[in-house]
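Summary of the model geometry
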Amino acid sequence: MKITRIAIHQVDLPLKEGSYSWSTQSFSAFDSTVVIIHTDSGLTGVGEVCPLGPSYLPAYAEGARTGLAQIAAGLIGEDPLQLGRINQRMDELLKGHPYVKSAIDMACWDLLGKATEQPVYNLLGGLLQDKVTLFKVISRQAPEAMAAKLADYQRQGFHQFQMKVGAGAGQDIERIFAVSEVLASGNVLAADANTGWKQHEAIRVVKAIRDVDIYIEQPCLSYEECLAVRRHTDHPFILDECMDDLRVLMRGYQDSAMDVINLKVSRVGGLTRARQFRDLCVSLGITMTIEDSWGGEIATSALAHLAHSTPQGFHFQSSAFHEYHSLKIADGGPVISDGYMTASSAPGLGVTPDMAVLGKPLHVIGA
């Protein structure tokens, strides 16, 4: 099988609730990029990358498309089923920028599944979980509004939650107390600062809420600041934004810097490298949230397949991004029910992009 053409599409994903706010940032829609790889066999593979705005991670939507256009010509004629070769070739064509490569890698896994008539979760390790535990994000708002939102999500059947904080220690303490007071017994809550606190603010927060049953997620920008906060609290600790390669993961393990890590597919460069990250975490005994920076049905399907193939004891939770949008970009996305999602068992990722929604590609490389 050979790659004959790569099409790059752009689509905006508007939020059902009007906006999504965390730390000091807020957006009403996210700019997503969909890649469709065509082959001489007639099979096509689809991938998606959706950075969470331009200043959350070192990734942005226009950069994804520019980078994809840069590397796509060098992939024409390559066998998309040779995933190691594809990733090696992308690294030769563009140094760094793993998020750019994620959509290509994802589309090649989709093709591998279709070519072998297997769902991607079988190829990533097998179906180790029949359904994937979800968490629901409580966007940053006033304390009482966030508490009301959590109560509503609990009525919808969700049991795990991530509340957004990081916009000021004083009000964040109020937010945490307000939301935790309506958390049902047995449910799980995390306060995610998305790097938004300074070290002294984070230490102030964890001391003020020392008796609240809650996880603390990525309080500060750097690994070193987060480690300092970790040493001032006995709350279970999640590291996310700083977990961007295997060296940092090993350092965190050696320092006992976290109890859980958040593994984002596009941040590490796609499913190939996310599987490496996942398998090392399992070997080290580290539990994972498995998700991505953002996305529609395509990106959500990819992370769902990775989660399905992860041992249940090492999977903390995942996010179903497509349920937050008012626009559907593909058929066959994961089905959501009672706080869980289930990926399609069809070959590949099991999703079919809606070309009427995606429209004409911005770039077409190849024949």
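Residues numbered from 1 in each chain as written. Predicted model: local features only at pLDDT ≥ 70, side-chain atom pairs only at ≥ 80, totals over all residues. Heavy atoms only, no water.

As used in these notes, a disulfide is a covalent bond between sulfur atoms, one from each of two cysteines. What the rule picks out here adds up to zero disulfides. The thiol of Cys242 is not disulfide-bonded; the next cysteine sulfur, from Cys226, is found 5.2 Å away. For Cys242, a relative accessible area of 9% corresponds to the buried category. (Disulfide = S-S within 2.5 Å. Buried < 20%, exposed > 50% of the residue type's maximum accessible area, 1.4 Å probe, protein only.)

UniProt's feature table lists "domain: Mandelate racemase/muconate lactonizing enzyme C-terminal" (unreviewed entry) at residues 143-236, given in the numbering used throughout. Here residues 143-236 is 46% helix and 14% strand, with 22 Å between the C-alpha atoms at its ends. (UniProt positions renumbered as here; feature names shortened; annotations may be inferred. Helix = DSSP H or I, 4+ residues; strand = E, 2+ residues; numbered from the N terminus.)

Another point: the sheet that holds strand E17 (residues 340-342). Taken together, the three strands give an open sheet; going across it, the order is E6-E17-E16, and neighbouring strands pair in antiparallel fashion. The sheet terminates laterally at strand E6 (132-133) and strand E16 (335-337), the two strands that pair on one side only. Across three bridges, the pairing between E16 and E17 is antiparallel. Each residue of the ladder has a partner; that of Ile336, found in E17, is Met341. Sheet strands in contact with helix H12 (residues 297-308) are E6 and E17, and its direction is about 100 degrees off that of E17. (Pairing = 2+ DSSP bridges. Contact = heavy atoms within 4.5 Å. Axes fitted to C-alpha atoms, helices over the stretch in contact; angles between N-to-C directions.)

Right, let's get into the nonpolar core. Ile104, Met163, Met243, Ile261 and Trp294 are the most contacted members of the largest nonpolar core, which totals 113 residues. When residues of this core are assigned to their parent elements, the largest contribution, 10 residues, is made by helix H3 (residues 98-116). Those residues within four positions of Met163 in sequence are excluded, and the remaining contacts are Ile138, Met146, Arg175, Ile176, Val179, Leu189, Ala190, Ala191, Asp192 and Ile214. Formed by five residues, the second largest nonpolar core is a distinct cluster that contains Val188, Ala190, Ile238 and Val260. (Core = buried A, V, L, I, M, F, W, Y, C linked by side-chain atoms within 4.5 Å.)

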